Structures are given as C-alpha cells and as structure tokens.
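# Examining the three-dimensional arrangement
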Amino acid sequence: MAVFSYIALSEAAAETSGVVNAGNRAEALRILRARGLAPLEIESGTRLSDSADGSARGGFSWRNPFRLRQYFPVSSLDRIVFFRQMTLMLRAGYTILEAIDTAAEISDKNRLRKALRDISNRLQAGATLSQSMQNHPRLFSTLTSNLIASGEASGELDVVLERISEGMERRMEVRRDLVTSMIYPSIVFTLAVFVMYYAIAVVVPRFVFFLSARDISLPAITQFMVDLSNWFQVYGTTLIITLAVLIFFALAAYTFPVGKRIIDAIILRLPIIGTFQVSANMADLGWITQMLLQSRITVMESMRVLSDVTSHSSYKNIYSDAADRVLGGEPLSNGFKKNEVPVMVKHLIEVGEKTGDLDGVMAEIGNYYAMDLRMRTKRMIALIEPAMLLFVGGVVALIYFSIFSAVWKAATLGR
C-alpha cells in the first residue's frame, strides 16, 4: 500500500486535504469519490503544497518570446487538440484540475494558456468546469459549456469531451473542404481581372498611340477595345472607389442586427451560395442537436443552445421559435415548417419524434447534408474550373484578336 496526499472538494463545495492509503493512483481516486469528495489534485507521498517559486499548478513558466505561434489567435484545431487531451487525461486517471493544469502547461497559444490558468483558479475556488468556461465565451461557446455541464451532471465528462472534439472535427472538415475548393477558382478569377485591367489600361493605349501615326480606320473590335480603354481611364478610379465603398458599407451593415438579418436573407436566396448555406446549416442542426440530446439536454434547451451558437440570422430565429413552440407543448417539427428548412428535414424530424429516436434521426440529417455539401462543392468546382479557363482564354483571345486585326489592317494599308 502507498500513501497519497490529496486536495479535494466536499459535497458542500468546501476544499479539504489529507492522505489516503491505496494500492495505486486509480484506487486512491475511487476511494475519495466513494467518500463523496471531488479530487482536485492527488500526489504520491508527502502532503501537497504550493511551491514558493510559482511552479505549482497554474504558475508561471518561462517560454521563448520569439516563438511567433504563441501570439496567434486560438483556432478551431487548437480547441480540438485541447478537448482530445482532456479526454485522454481524464481517462488516464487525472483529476479535472490536473488535466486543466497540464493542458495549460503544454499549450503553445498564450491566450488559451491564460484562459486555462484562470479556469484552474476558479476550479480551486469551488466553481465547476462549465461555470469556469462560461467566463471565456470567445474560446468556449455556449454549446461547449452546456455539453460540459451535462457531462459533469451525468459523470460522463470524458465521453462528452470526446463528443465535442468529434463534432468540431466534422464541422471543421466540411468548412475546410469548402474553403479549399474555392482557392483555385479565386486565384484564376483574380488573375483574369488583373490581365483584363492591364491589357485595357496599359497595352491598348500604347498600341493606339503606335497606330495613331498611320491614317487608317480601326477595325470594329479594335475600336471597341479603344473605347473601353478610354472609359476605364476616365471612370476606372471612380468605379474602383465605388465598389470599395459599397463593400465597406455592406460589411459595416453586417455588424448591426437589422443589416445582418437582411444580408443573410439575401444570401440565402442566391442561386448557388444559398443552397450551400442551407446544406451547411442543416448539417450543423443535425450534428449539434444529436450531441445535445445524447448528453441528456432537453429538446427545448437544445434549440435554445442552437439559437445561441448559430451565426445565420434566419436560422437563429427559426431555432428560437422552435424552442418557444416546444415550451408551449407543440412538437418540434412544427417549429421547422419554414421556407428556409428543406421539406425532407421537417418530415424526418416528425418521424424521429414519433419513433422516439430523434437523436438518431438528427445524426442522419447531419451526415446527409454534410455529404450533400461535399457533392455540391465537387460539382461546382467541376463546372467553375473549365468556365474560368474559358473566361480567361476568351478575354486574352479578344484582346489579341483586336490588336492583330489592327496590325493586319495597317500592314495591308487598310485593304
């Protein structure tokens, strides 16, 4: 038998310390929990004490100030890694406080490290993990706090943390595929715009100056390019400034609730982008609701959480209305009878309510619309790539054909 010293919280949330005899660390944890204690920290041998140099839990540790990565914002991948680490450490027998302190020590992002140290201090003061995370809403969303609170209540915190990381991975993968697929078309389109601008604003005027010494009439296509070049020279700056101002005002309007609601509604009705928005939001609806229901969160509260974490104004209102309807005694499916929600989703939710397998149906909805989003992305790329190549090639061909026509006419003396 070995001696383990511990610091723990009693059922009255009072901090207590002492020693316990056990064969190993895991057995010591079981003994403490059987006594109604929530272990904060446990060590083999002598009594726990804070070190004078600040190297105890939550203390300062020197880091290389020239590592630029530590100053970067906390990304979704950083959060996923954190939740994976927490899952592994809790299953290995770490207490929550030990897991948080270890995660803070190995984190390579300053902002996350500071937040975890603050959470560690709050845990030592008697707060729960979910309550501590609510003080850092930019790092840990309402969804995360609610799921962790359910895990603490059910005693399955490691399972809930694993669900959170898996859910974040699925959502990040869908968005990463969408962003990655748009990189190539965006590059091609940007190059095409620069080629057009350079040709019209620089090449054509020089060419016209070269031909001005010759008394010939320009071919119609060449004259069109000359007129277009003259228009850009006169109004080009005004056009660019106008577009920049419109984009600025659109982005500024998006920061206000009314403007965001109007812009979101417009985007949702656009031919291609709108369908992408619907698929992405339905995938989130399915996966997030499944996680919440599996974590024993009620349907009404699940809709409240969805409304809080969803960024799209239209769907935020739909989820809030659905929660109100459930509170009023109506089935969840009644809250989704809106034009923004596909008919199939409405029927599937109704089936899930009737069969009592709503979380399973929501998982299928999430998987289906994630697959639908990937298929739409692949089809769009398959169409955009040749279209962009034809567009760039057509622009370049038009410019060179107009120049060649004028050169040919000049060479043949207008014949």
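Predicted model, so just to flag it, every value in this text is computed and none were measured.

Let us look at the side chain of T310. Following the sequence through the fold, T310 ends up in the loop between helix 11 (299–309) and helix 12 (313–327). Overall, the relative accessible area of 12% leaves T310 in the buried class. At 2.7 Å, the side chain of T310 forms a polar contact with the backbone oxygen of L306.

This brings us to the packing of helix 8 (residues 220–253) against helix 14 (residues 358–411). Between helix 8 and helix 14, the least distance of the axes is 8 Å, while the angle of their chain directions is 120°. Relative to helix 14, the element helix 8 is oriented oblique. Seen along the crossing, helix 8 lies across helix 14 with a hand that is left-handed. Contacts between helix 8 and helix 14 involve I221, T222 and M225 on the former and, on the latter, L398, I399, F401, S402, S405 and A406. Partitioning the contact of helix 8 with helix 14 into residue classes produces six nonpolar, three polar and no charged.

The next subject is a nonpolar patch on the surface. The grouping of W231, V234, Y235, L239, L243 and L246 at the surface amounts to a nonpolar patch, some 590 Å² of accessible area in total. Within the fold, L246 resides in helix 8.

Enumeration according to the criterion identifies 15 salt bridges in this entry. The residue R122 makes a salt bridge to D118 at a minimum N-O spacing of 2.8 Å. Pair noted here: R122 and D118 are both in helix 4 (residues 110–124), with a separation of four residues, about one helical turn. Exposure remark for R122: the relative accessible area of 32% places this residue in the partly exposed category. What makes D118 partly exposed here is its relative accessible area of 24%. Where R304 meets D324, a salt bridge forms, and the shortest distance between an N and an O atom there is 2.8 Å. In this pair, R304 is assigned in helix 11 and D324 in helix 12, connecting sequence segments 20 residues apart. Here R304 falls in the partly exposed class, since its relative accessible area comes to 26%.

The next point concerns the packing of helix 6 (residues 142–154) against helix 11. Remark: helix 6 packs on helix 11, axes separated minimally by 8 Å, with the N-to-C direction vectors making an angle of 150°. Judged by the angle between their axes, helix 6 and helix 11 are roughly antiparallel. Contacts between helix 6 and helix 11 pair T142, L143 and N146 from the former with E301, V305, D308 and V309 from the latter. Grouping the amino acids of the contact of helix 6 with helix 11 by side-chain chemistry returns three nonpolar, two polar and two charged.

Turning our eyes to something else, we now look at the confidence of the model for the protein chain. Low pLDDT means the predicted atomic positions in that stretch should not be read closely. Mean pLDDT for the protein chain: 81, with 89% of residues reaching 70 or above. Overall, residues 49–62 carries pLDDT values under 50, and its contacts beyond four positions in sequence, including any with other chains, amount to 16 contacts.

Taking 1.5 Å of rise per residue, the 13 residues of helix 6 would be expected to cover 18 Å, and the 18 Å separating its terminal C-alpha atoms lies within 8% of that figure. Turning to helix 6, its buried residues are L143, T144, S145, L147, I148, S150 and G151. Looking one or two places after helix 6, you find G155, whose phi comes out positive at around 80°.

Below, the discussion takes up the packing of aromatic side chains. Throughout the structure, instances matching the rule amount to nine aromatic pairs. Ring centres 6.1 Å apart and planes at 70° place the aromatic pair F83 and F140 in the edge-to-face group. Pair noted here: F83 is in helix 2 (residues 76–91) and F140 is in the loop between helix 5 (129–133) and helix 6, with a separation of 57 residues, a long-range link. With relative accessibility at 2%, the residue F140 sits in the buried group. Considering the side-chain rings of W231 and F232, the 5.5 Å spacing of their centres and the 85° angle between planes classify their relative orientation as edge-to-face.

About the thresholds
- Residues numbered from 1 in each chain as written.
- Predicted model: local features only at pLDDT ≥ 70, side-chain atom pairs only at ≥ 80, totals over all residues.
- Heavy atoms only, no water.
- Helix = DSSP H or I, 4+ residues; strand = E, 2+ residues; numbered from the N terminus.
- Buried < 20%, exposed > 50% of the residue type's maximum accessible area, 1.4 Å probe, protein only.
- Polar contact = N/O pair within 3.5 Å; in protein donor to acceptor, adjacent residues only side chain to side chain.
- Axes fitted to C-alpha atoms, helices over the stretch in contact; angles between N-to-C directions.
- Parallel < 35°, antiparallel > 145°, perpendicular 65-115°, else oblique.
- Left-handed = near helix turned anticlockwise from the far one by under 90°.
- Contact = heavy atoms within 4.5 Å.
- Nonpolar A, V, L, I, M, F, W, Y, C, P; charged D, E, K, R; others polar.
- Patch = residues over 30% accessible without salt bridge, like charges linked within 9 Å, V, L, I, M, F, W, Y side chains within 5 Å.
- Areas by Shrake-Rupley, 256 points an atom, 1.4 Å probe, with all protein chains shown as cover.
- Salt bridge = Lys/Arg side-chain N within 4 Å of Asp/Glu carboxyl O.
- pLDDT = per-residue confidence, 0-100.
- Expected span 1.5 Å × (residues − 1).
- Phe/Tyr/Trp six-rings, centres within 6.5 Å; stacked < 30°, edge-to-face > 60°.

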